[in-house]
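Here is how the chains run, residue by residue.
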Amino acid sequence: MSRAATLGRNIGHAFGENRLTLVAVAILLVLLVCAAFGSALAPYDPLMTDSTAKMLPPGAQHLFGTDALGRDILSRVVIAARLDLGMAISAVFLSFIVGLGLGATAGYFGGWSDRIIGRLMDTIMAFPLFVLAMGIVAALGNSVLNIILATMIINLPFYCRFARGEVNVRREMGYVEAARMGGNRALPVLVNHIIPNILPAMMVQASLNMGWAILNAAGLSFIGLGVRPPTPEWGIMVSEGASFIISGEWWTFVFPGAALVLAVFCFNLLGDGLRDLLDPRRRL
Amino acid sequence: MTAQLTIEDFSLVFRTRHGTVRALEDVSLSVERGEIVGVVGESGSGKSVLAYAVMGLQDAAARVQGGRIMFGGMDMLAASEQALADVRGREIAMIFQSPRTALNPIRKVGAQIEDILREHANLPSRDLRGHAIDALARVRIPDPERRYNAYPFELSGGMCQRVMIAMALACSPFLLIADEPTTGLDVTTQAVIMDLIRDMSYGQRMSTLLITHDLGLAGEYCDRIAVMHAGHVVEIAPVEELLARPAHPYTRQLLAATPTPRSTVDGLVSIPGHLPDLRQDLPPCRFSARCDRHVALCDESKLPWTSLTNSHLVRCRVPL
Amino acid sequence: MTQPLLEARALTKRYPVSGGKRGALLHAVDAVDLAIAPGECLGLVGESGCGKSTLVRLLARLIDPTDGHIFLDGADTTAVSQARFVTMPDRARIQVVFQDPSESLNPSFRVFDSIADPLKRLRGVRDHAKLVAQVHRAAELVGLPRELIARYPHQLSGGQRARVGIARAIAVEPSLLILDEPTSALDVSVQAVILRLLADLRARLGMSYLFVSHDLNVVRLLCSRIVVMYLGRVVEIAPTEELFNAPRHPYTRALIASIPDPARRGEVRPRLDGSPRSPIDPDPNTCRFYGRCPTGAERCKTAMPKLLPFGNGHFAACHFA
């Protein structure tokens, strides 16, 4: 049976057993559609203000209500999906690649590379991670790129440690020695023979990490260190809406907050589903 | 002699996601007082499953389909968990493969022996330490007072196995079940451990059920051997009889495949085919697909036990 | 006397020990002299911790020795480091069949890829058609059905995986095949098949074997000469039957007496109790077997026995052999 067919059968089983994973995939699809086609789906221009329609509760005209400047919240939530997801995915992707590279090097070669990389990761982890992110963005300036950079840096140790551990375990296995006997030098052994085996587990970690990355990016914006208004972004929207908690205009922060919750929830479920999928004991 | 352990027509299945695995079918076996019986089979033969079932320790997915297991006068399958727990450790003991993993890694060895004594032997607390050290000495561990305070990781594989034997024999059980006790040990250590098991067995008139894949080992240490294949016991005989005049085709091929000091490469026989899938419907003889003596009669009905002599039994329509 | 295919002289490997005394060294392999003739099958036995795995990795040039040399057809392979040796043409001449079939095949490679990889790297086979032909040839030699070549290791049985490991090793036509416990993880019925396959291959392809095993009955089947190791040193070398019938070193005697033999049921035989001494910083003047040996004279404590010839290719390192 081909690899694709086996994978397909495993996916079927994983989803069959875990309905929540299906729910997660559905939510992910919705989010991705919003991110990709937001401008087409949004009923209103997210930046367009309308002083006549300020602070309207959810109704027929504005499904999620309007904010203090009369902007349609639904449109803003939908458009913001692209930015929030985009930042998180970029940061996770970069963390993944760099973390994999550093961790695999440390795990395979050991010695000085392991020590140096280990100290580097320890330095990052010595700080409370969110505070470190704040510091990076504050130092480099508020911009989307810097949020991505900050999120990438604070997530780096996570992937690096994981990759290091996985590579270390496999370094002594028969097939790695066979690869060396087969004429492969160190780098090809690492890249062609070891890394393909650790990628699935790392993808699971990445999926679980996505939720954290989204919260991180939104959190930085929430405290004003990230994306600047009037850019629609879930964190900023929650921040702006938070001032209205007491006065009771709940729709200004609940909907962007719910979007965040939904996104994080979806990625966590996906991660669990992926982990079940890849668990060799449950393989057919 | 009354049999210490009697297994009669015992059948057990595992209910799994991929179907029902008929792990054991109509297994019959007995162990007399003071004898060492070997259960020999390859991987997948069900020998370990049988060992655990005797102790009442089978997997949660296991379902007994029929038969009886009588230990002394006690019906092991009908007994309550309480009664079984009472008997385990005191009257039946088990030693496992990989001794280092079978011992608790964070407790000292002496303390683990004391646990058994405290649970099953009625001894005052102050005597426990002395008895534990005695138990270690009986299995010929050098310097038992010092070893009493050792952790399993400080001891070699052979020493750990001796500690397990000491724990098993601490309450002088009537039956010892040894599940591949020497796999993973060096051949020199294996010889010492097996000698120890044999000496303790005969010395204490203790029955022993030795589970192993090594026919040579069973041949040297057991009084009788039961050969298992794919969940069936196919032959039981006294050891010399089994080795010299095997009656079941599988036994003959297993013997011919096992290297001995007198074998040659060309003389080694391989057994064609592979184990049948125990989830499928199977013919009455599970070896028939691989057997060169297969006839139509083999597929007809459940195989009866054929007595070749008083003590040599075989389940085959066309025994050798 | 023809030049040996592989010759090890004074081969030594010492590892620094962490957590112990400063500068403490673990003597994994100590001053080993060994020679394998072309077409010979040499057995290597010893208990765990005797250094045979380290010796295998040294001879396979997976690790560099601390001291000593390894000559392949007279050329010193230890002149270059193991990292450089990987790229040299001689790399193809020594191959290894590993012990655990479940760990020795890359789970993400199909059988085809596992066998093709060394062909691509060591033999420079680039043409796809040629590659396929050579992979099929290797599979055929080991009796692996063609339809299994597209499978992944987890879809194969233990015996099939063992065959793939052998196919991978012989695909590059090595002169020396090192077999590190190739059948210990297999059932006896499968083992028989694999052993016959190995004997057959050696006859057909003319390779030399270094056969490492803890199962002395198996070693006896295939090997013409046997080397016995203890705590990093060679203690005895002899032709097979002579080793089994007339062993000279007390350790070898104990080893052979420990083999389970139904024909000797109930016999009281010499048993070797206890465990080996520590391989860390051993006393260079004391026999490594002293203390566990039934003989234990003053001489054993003050002078390390050398490997002495006893005629007919039989060597033993014991003052009282």
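Note that this is a predicted model, so its numbers are computed, not measured.

J.: A description of the overall build of chain C should follow, citing residues and the corresponding values.
T.: Looking only at helices and strands, one finds 10 helices and 12 strands in chain C. Taken over C-alpha atoms, the radius of gyration comes to 21 Å for chain C, in line with the 20 Å a tight globule of 321 residues would show. Here chain C, with 321 residues, has 48% of them falling under the buried criterion. Sequence-distant contacts, at least 24 apart, represent 65% of the contacts inside chain C between residues at least 6 apart.

J.: So, the overall build of chain A: which residues are in play, and what are the values?
T.: Assigned secondary structure in chain A consists of 10 helices and zero strands. Mapped in sequence order, the helices and strands of chain A form the string α-α-α-α-α-α-α-α-α-α. Principal-axis analysis of the C-alpha atoms places the extent of chain A at approximately 75 × 45 × 30 Å. Burial status across chain A gives 45% buried among its 284 residues. Of all intrachain contacts in chain A linking residues separated by at least 6 positions in sequence, the fraction that spans at least 24 positions is 69%.

J.: How would you explain the interface of chain C and chain B if you had to name every residue and give the values?
T.: Taken together, the contact between chain C and chain B spans 31 residues of the former and 33 residues of the latter. Where the side of chain C that touches chain B is concerned, the elements lending two or more residues are α6 (188-205), α7 (216-222) and α9 (250-257) of chain C. Here the side of chain C that touches chain B gets seven residues from one element, more than from any other, and that element is α6 of chain C. The residue makeup of the side of chain C that touches chain B, split by class, is 16 nonpolar, seven polar and eight charged.

J.: So what about the environment of Ile116 of chain B? Which residues, and what values?
T.: Residues and elements named next belong to chain B. Mapped onto the secondary structure, Ile116 falls in helix α4 (residues 109-120). Classification of Ile116 as buried rests on a count of 22 C-beta atoms within 10 Å. Distance from Ile116 to Leu128, taken between C-alpha atoms, is 9.9 Å for residues 12 residues apart in sequence. Setting aside anything within four residues of it in sequence, one finds Ile116 in contact with Gly89, Met167, Ala170 and Cys171.

J.: Outline the environment of Val97 of chain C, listing residues and values.
T.: Note on placement: Val97 of chain C falls in strand β6 (residues 94-97). On a C-alpha basis, the gap between Val97 of chain C and Pro38 of chain C in space is 18 Å, while along the polypeptide they are 59 residues apart.

J.: Which residues make up the pairing of strand β10 (residues 232-238) of chain B, and what values go with them?
T.: Residues and elements named next belong to chain B. Taken across its seven residues, β10 has six buried, putting it largely inside the fold. Strand direction decides the pairing type here: strand β9 (residues 224-229) and β10, joined by six bridges, are antiparallel. When the sheet's bridge partners are listed, Ala226 is paired in β10 with Ile236. Turn length for the β9-β10 hairpin, with the two strands adjacent in sequence and antiparallel, is two residues, and the turn residue Ala230 shows positive phi of about 50 degrees.

J.: Run through the arrangement of the chains, naming residues and quoting values.
T.: Here the protein chains form two pairs of chains in contact, of which the pair with the most contacts is chains B and C. Contact between chain A and chain B is absent, and the least distance between their C-alpha atoms amounts to 9 Å.

J.: Could you give an account of the nonpolar core, naming the residues involved and the relevant values?
T.: Core analysis: the biggest nonpolar cluster contains 272 residues, and Leu210 and Phe211 of chain C have the highest contact counts within it. When residues in this core are grouped by element, the largest group, 19 residues, is from helix α3 (residues 73-109) of chain A. Counting contributing residues, this core receives three or more from each of domain 1 (3-91 + 171-312) and domain 2 (96-170) of chain B. Once residues within four sequence positions are removed from consideration, Leu210 of chain C is found in contact with Ile36, Leu42, Leu44, Leu59, Leu176, Ile178 and Leu179 of chain C.

J.: With reference to specific residues and values, describe the packing of helix α5 (residues 158-170) of chain C against α6 of chain C.
T.: Relative orientation and spacing of two packed helices are given, respectively, by the angle between their axes and the distance between those axes. Residue and element names in this part refer to chain C. At a closest axis distance of 10 Å, the pairing of α5 and α6 adopts a crossing angle of 15 degrees. Of the possible angle classes, the one that applies to α5 and α6 is roughly parallel. As for the relative orientation of α5 and α6, their crossing is right-handed in sense. Taken together, the residues of α6 that come into contact with α5 (itself represented by Gly158, Gly159, Ala162 and Ile170) are Val190, Val193, Ile194, Leu201 and Leu205.

J.: Can you tell me about the interface of chain C and chain A, naming the residues and giving the values?
T.: Contacts between the two partners involve 21 residues from chain C, matched on the other side by 16 residues from chain A. When contributions to the side of chain C that touches chain A are tallied by element, the ones reaching two or more residues are β6 and α3 (111-122) of chain C. If one sorts the elements of the side of chain C that touches chain A by residue count, α3 of chain C sits on top with four residues. Residues that form the side of chain C that touches chain A fall into these classes: 10 nonpolar, five polar and six charged.

J.: Quick one: what's the story with the packing of helix α5 (residues 129-140) of chain A against helix α6 (residues 144-171) of chain A, residue by residue and with numbers?
T.: Residue and element names in this part refer to chain A. Relative orientation of the contacting elements α5 and α6 amounts to 145 degrees, with a least axis distance of 9 Å. The crossing of α5 and α6 is right-handed. Residue-level contacts link Leu129, Leu132, Ala133, Ile136, Val137 and Leu140 of α5 to Asn146, Ile147, Leu149, Ala150, Thr151, Ile153 and Ile154 of α6. Residues of the contact of α5 with α6, tallied by class, amount to 11 nonpolar, two polar and no charged.

J.: I'd like a rundown of the sheet that holds strand β1 (residues 3-16) of chain B, residues and numbers included.
T.: All names here are of chain B. What the four strands build is an open sheet, ordered β2-β1-β4-β5; its pairing is antiparallel. Sheet topology places β2 (19-32) and β5 (74-75) at the edges, where each strand pairs with a single neighbour. Judged from the eight bridges that link them, β1 and strand β4 (residues 62-71) form a sheet pairing that is antiparallel. Within β4, the residue paired with Leu5 across the bridge is Phe71. Across the sheet, helix α1 (residues 47-55) is in contact with β1, β2 and β4; its angle to β2 comes to roughly 70 degrees.

J.: Pulling in residues and values, what's your account of unusual backbone geometry?
T.: A positive phi angle, close to 50 degrees, is found at Met55 of chain A, a residue other than glycine. Inspection of the secondary structure puts Met55 of chain A in the loop between α2 (19-41) and α3. The backbone phi angle of Ser98 of chain B is positive, close to 40 degrees, even though this residue is not glycine. Tracing the chain through its elements places Ser98 of chain B in the loop between β6 (92-95) and α3 (99-102).

J.: Run through the environment of Ala199 of chain C, naming residues and quoting values.
T.: Note on placement: Ala199 of chain C falls in helix α6. In this structure the C-alpha to C-alpha distance between Ala199 of chain C and Cys223 of chain C, which are 24 residues apart in sequence, comes to 9.6 Å. Setting aside anything within four residues of it in sequence, one finds Ala199 of chain C in contact with Val265 of chain B together with Leu222 of chain C.

What counts and how
- Residues numbered from 1 in each chain as written.
- Chains lettered and ligands numbered in written order.
- Predicted model: local features only at pLDDT ≥ 70, side-chain atom pairs only at ≥ 80, totals over all residues.
- Helix = DSSP H or I, 4+ residues; strand = E, 2+ residues; numbered from the N terminus.
- Rg over C-alpha atoms; globule rule 2.2 N^0.38 Å.
- Buried ≥ 20, exposed ≤ 12 C-beta atoms within 10 Å, placed from the backbone.
- Contact = placed C-beta atoms within 7 Å.
- Nonpolar A, V, L, I, M, F, W, Y, C, P; charged D, E, K, R; others polar.
- Pairing = 2+ DSSP bridges.
- Core = buried A, V, L, I, M, F, W, Y, C linked by C-beta atoms within 7 Å.
- Domains from an automatic or database assignment.
- Axes fitted to C-alpha atoms, helices over the stretch in contact; angles between N-to-C directions.
- Parallel < 35°, antiparallel > 145°, perpendicular 65-115°, else oblique.
- Left-handed = near helix turned anticlockwise from the far one by under 90°.

Remember, this is a structural readout, not a statement about activity or role.
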